[in-house]
Amino acid sequence: MKILLLGAPGCGKSTQAKLITDMLNVPHISTGDMLREEIKSNSKSGQRAKIYISQGGLVPDDIIFDIVKKRLQNDDCKNGFILDAYPRNPSQAMELAKITKLDLVLYLKVDNKKVIDRLSNRLTCTDCQKSVPKSSGYANCPYCGGNLVQRPDDAEDVIKVRLETYEKQTKPLIEYYDKVSNLVVIDADQEVEKVFNDIKMAINRK
Ligand code: AMP
């Protein structure tokens, strides 16, 4: 099954994508994670992407298209995939439509105020990219033992720009996918397990 997760930064896309991946045994494709890997390896794309990410804007489409196209051609995508945060604007949606057809689009709806709290209070593992609340008190990642850090773009001033970017560029995709695809709205203000239950129901209805 080919699933897209849509929603504001901090709505829990990544957490839910990992759970769906385990359930359906299809890969989790996160352009954010892939870009952070490019930055880590100091590639040319990574060096360009870093500037946009640190300012809260979107990375230019040409970089994203290259990364996603290559990834979707991998053998492990034959039986489907979970797209997390791609597409993020209308032109990316058009490009994606040229290469594949989605089975389900899950819109994880959250209250913006909660998003600011969640993002400014999370630590992310530099290895497995999972995150935990600062208040959990973990010194290292509870999943893999890696280093926990605050993502530079989780600083409060950058979060505000990321939310504006989302409102302007990504939110219009909700209306678009409601017209052209099978879009299901999920209440993502609930606890992780409840959100995942609603997602499972949406998947089983497909
Ligand atoms: P995320 O981990 O999904 O919050 O993404 C972190 C940052 O990576 C975003 O704020 C963007 O700067 C960049 N990014 C991730 N996915 C995309 C995309 N599909 N298009 C453009 N920029 C992206």
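Structure first, text after, so check above.
Residues numbered from 1 in each chain as written. Predicted model: local features only at pLDDT ≥ 70, side-chain atom pairs only at ≥ 80, totals over all residues. Heavy atoms only, no water.

With respect to the nonpolar core
Then step 1. Residues I20, L83, L106 and Y177 are the most contacted members of the largest nonpolar core, which totals 51 residues.
Then step 2. Leaving out residues up to four positions away in the same chain, I20 has contacts with I3, L5, N25, I82, L106, F196, I199 and I203.
Then step 3. Grouped together as the second largest cluster of nonpolar side chains are five residues, L123, C125, V132 and L148 included. (Core = buried A, V, L, I, M, F, W, Y, C linked by side-chain atoms within 4.5 Å. Buried < 20%, exposed > 50% of the residue type's maximum accessible area, 1.4 Å probe, protein only. Contact = heavy atoms within 4.5 Å.)

Thoughts on the packing of helix α5 (residues 90-99) against helix α8 (residues 172-180)
Then step 1. It is at 10 Å that the axes of α5 and α8 come closest, and there the two elements cross at 30 degrees. Taken together, the axes of α5 and α8 lie roughly parallel to each other. Where α5 approaches α8, its residues P90, A93, M94, L96 and A97 are matched on the opposing element by L173, Y176 and Y177.
Then step 2. Of the residues assigned to the contact of α5 with α8, the class counts are eight nonpolar, no polar and no charged. (Axes fitted to C-alpha atoms, helices over the stretch in contact; angles between N-to-C directions. Helix = DSSP H or I, 4+ residues; strand = E, 2+ residues; numbered from the N terminus. Parallel < 35°, antiparallel > 145°, perpendicular 65-115°, else oblique. Nonpolar A, V, L, I, M, F, W, Y, C, P; charged D, E, K, R; others polar.)

What about the side chain of T170?
Then step 1. Following the sequence through the fold, T170 ends up in helix α7 (residues 156-170).
Then step 2. Overall, T170 belongs to the buried group, its relative accessible area being 5%.
Then step 3. A distance of 2.8 Å separates a polar atom in the side chain of T170 from the backbone oxygen of R88.
Then step 4. Beyond its immediate chain neighbours, meaning those up to four positions away, T170 contacts L6, R88 and T165. (Polar contact = N/O pair within 3.5 Å; in protein donor to acceptor, adjacent residues only side chain to side chain.)

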